[in-house]
Amino acid sequence: MAKRRLLKRDISYVAGDLVTEVLVLAQLVPGVDQGKAEALINRIADMHDDYIKRAHQPAGKDNKKAVKEYYRALVTDLQQEIDTIEKEIEALSKDKVAE
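All residue numbers refer to position in the chain's written sequence, counted from 1. Two thresholds apply to this predicted model, a pLDDT of at least 70 for residue-level local features and 80 or more for giving and counting side-chain atom pairs, whereas whole-chain, interface and lining totals are computed over all residues. For side-chain calculations, the full set of non-hydrogen atoms in the structure is used, while hydrogens and water are omitted.

Between Lys or Arg on one side and Asp or Glu on the other, a salt bridge is scored when a side-chain nitrogen of the former is within 4 Å of a carboxyl oxygen of the latter. The tally for this structure, following the rule as stated, stands at four salt bridges. Among the salt bridges present, the one from glutamate 81 reaches arginine 43, with a minimum N-O distance of 2.9 Å. Here glutamate 81 is found in helix H3 (residues 64-98), whereas its partner arginine 43 is found in helix H2 (residues 34-56), with 38 residues between them in sequence. Since its relative accessible area comes to 26%, arginine 43 is described here as partly exposed. The salt bridge partner of arginine 72 is glutamate 69, with a shortest N-O separation of 3.1 Å. Of this pair, arginine 72 and glutamate 69 both sit in helix H3, three residues apart, which is roughly one turn of that helix. Shared partners join several salt bridges into a network, and the residues in it are Arg43, Glu81 and Glu88. Under the DSSP-based scheme used, a helix requires at least four consecutive residues in state H or I and a strand at least two consecutive residues in state E, with every element numbered from the N terminus. Summary of the burial criterion: residues with accessible area below 20% of their type's maximum are buried, those above 50% are exposed, and those between are partly exposed, where the area comes from a 1.4 Å probe applied to protein chains only.

Spelled out as structure tokens, the structure:
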């Protein structure tokens, strides 16, 4: 990971995009369950806070190899979390289409 600051910026950017996507879906598509949309926004906010905290405090600061592995695992976990949230957003929009 080049810089921790860039990772934090990327996390914030992705979280903002996901929240925007949910808000647009909730506001512009009639019939979308507002409770599910709000719960999803809260989950995104929690994900953002969790990953920012994890990016701030790497394990084993003295061992560069351990730090590198820590950030690789962090990025992998983040990508999996983003994929899961994207699937939930897709399901939220499909629930509307199915009605």
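That shown, we press on.
Time to look at the confidence of the model for the protein. Mean pLDDT over the protein works out to 88, with 94% of the residues at or above the 70 mark. At the level of individual helices and strands, the protein shows its lowest average pLDDT in H3, which scores 87, and its highest in H2, which scores 94. Each residue carries a pLDDT score, the predictor's confidence in it, ranging from 0 to 100.

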